Amino acid sequence: MNAAAITTTTTNPATTAAAKNASVNNVSAPVAADDIRNDWQLDEVEALFALPFQDLLFRAQTVHRAHHAPNTVQVSTLLSVKTGACPEDCAYCPQSVRYDTGLDREALLAVADVAARAKAAREAGATRFCMGAAWRSPKKRDLEVITAMIREVKSLGLESCATLGMLSHEQAKELHDAGLDYYNHNIDTSPEFYGKIITTHDFKDRLDTLEAVREAGMNVCCGGIVGMGETARDRARMLQVLANLPQHPESVPINQLVAVPGTPLADQSPIDPLDFVRTIAVARILMPCSAVRLSAGREKMSDELQALAFFAGANSIFYGEKLLTTGNPDIEHDRALLTRLGIQAAGAAPTALHA
Ligand code: SAM
Ligand code: DTB
Ligand code: SF4
């Protein structure tokens, strides 16, 4: 396909400087549809963010159509298999032991319970089942149970995903050998802002785990959170780091902060919704083949905002009443929204979500 002879003409004084910058950096020039790069410069990424909104969305949608079925989303269901009491101090997280969020702690679930929840998720239309544990990193005995869970999920014909904290190379290999398809491990924000959000591990620790996951042969699910008080530059840096990994993550979750009472970010004012959409659009452009996941925060988003996020290139969602510990839109609401938008769930029987 001719991927877009997209030229930018702007008469909006507010965006004139940005458009000039975009032009200087050639971001408004025609783009080859299969232009997969790992050498994005920060000024190029910032220039994408600064494009007039319509130009940015048109460009993102063009890239999207060159690489993905435009009316399909991948649908995953999350389950917290070990909840709360995490020793880490991530400022956004209701599961940190350091913050009083009123969350009920739960020990590692039984394998049979997880299998039953996975079956229910499959029946509701999910094609991937994602298990999350509030750990800094898993212990040996934990991993034995987790690998049994992975085998159950796989035996149901579902894709498997887990997010368990930091992994060694050996642990990553053990998970891969059990059949784990995806490992979620987010960089969360820019390297520069990271220390303002988390002090109990550092950015390099996250990169080391990502490398172990890759080396073990698993798909990488890696993204971040916006709306934590980061600057526009931090958002651009976060996406630049993701896009310049040796291989793009197969899945890129973009979470909008769920400001949970009791966490240090409880009173954080929300991100401008259009800036959220811009973040999705730039992620789509930088990582053309990745699934960009419209992740946490959907409960607070209007249907119209979600439709705009899909147009900007989001093609995957978490589906089910809960994320890990916080709410997510009702299954009925999501079914109705996808039907209204003419969107199918990837890999599911055409009627699975549209019953
Ligand atoms: N402990 C593991 C870890 O940190 O990787 C796995 C679970 S952790 C809850 C998974 C991801 O959920 C975090 O990296 C973060 O991106 C996201 N997350 C957690 N709390 C959130 C919140 N309040 N709002 C948005 N995203 C959140
Ligand atoms: C991701 O990026 N978002 C999901 C998943 N990966 C594990 C988690 C969102 C958690 C939101 C807060 C909660 O429900 O505890
Ligand atoms: Fe623990 Fe993960 Fe929450 Fe950080 S994000 S406190 S590591 S569960």
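Definitions and limits used
Residues numbered from 1 in each chain as written. Chains lettered and ligands numbered in written order. Predicted model: local features only at pLDDT ≥ 70, side-chain atom pairs only at ≥ 80, totals over all residues. Heavy atoms only, no water. Axes fitted to C-alpha atoms, helices over the stretch in contact; angles between N-to-C directions. Helix = DSSP H or I, 4+ residues; strand = E, 2+ residues; numbered from the N terminus. Parallel < 35°, antiparallel > 145°, perpendicular 65-115°, else oblique. Left-handed = near helix turned anticlockwise from the far one by under 90°. Contact = heavy atoms within 4.5 Å. Expected span 1.5 Å × (residues − 1). Buried < 20%, exposed > 50% of the residue type's maximum accessible area, 1.4 Å probe, protein only. Arc of directions from axis to C-beta. Salt bridge = Lys/Arg side-chain N within 4 Å of Asp/Glu carboxyl O.

### Observations regarding the packing of helix 11 (residues 303-311) against helix 12 (residues 331-341)
1) Next: It is the contact of helix 11 with helix 12, at a shortest axis distance of 11 Å, that shows an interaxial angle of 55°. As far as their axial angle goes, helix 12 and helix 11 are oblique. Judged by the sense of rotation from one axis to the other, the crossing of helix 11 with helix 12 is right-handed. Within the contact between the two elements, helix 11 uses Asp303, Gln306, Ala307 and Phe310 and helix 12 uses His333, Leu337, Leu338, Arg340 and Leu341.

### Concerning helix 5 (residues 140-155)
1) Next: Between its first and last C-alpha atoms helix 5 spans 23 Å; for 16 residues at 1.5 Å apiece the expected length is 22 Å, and the two agree.
2) Next: Every buried residue belonging to helix 5 is among Asp142, Leu143, Ile146, Thr147, Met149, Ile150 and Val153, and all of these are buried. Taken around the axis of helix 5, the buried residues stretch over an arc of 160°, which confines them to a single face. With respect to the buried face of helix 5, the exposed residues turned more than 90 degrees away are Arg141 and Ser155.
3) Next: Where helix 5 is buried, its residues contact strand 1 (72-82), helix 4 (111-124), strand 2 (128-133), strand 3 (159-163) and helix 6 (169-178).
4) Next: Positive phi shows up at Gly157, right after helix 5, with a value of about 85°.

### Observations regarding the pattern of salt bridges
1) Next: Under the criterion given, the structure shown has 15 salt bridges.
2) Next: Among the ionic pairs, Glu159 bridges to Arg128, the shortest N-O distance being 3.0 Å. Separated by 31 residues along the polypeptide, Glu159 in strand 3 and Arg128 in strand 2 bring together distant segments of the chain.
3) Next: Taking the relative accessible area as the measure of exposure, Arg128 reaches 6% and is therefore buried.
4) Next: With a shortest N-O distance of 2.7 Å, Arg340 and Asp303 are connected by a salt bridge. Here Arg340, found in helix 12, pairs with Asp303, found in helix 11; they are 37 residues apart in sequence, far enough to count as distant.
5) Next: With a relative accessible area of 17%, Asp303 lands in the buried category.
6) Next: One connected set of salt bridges, linked through shared partners, spans Arg37, Asp39 and Glu44.

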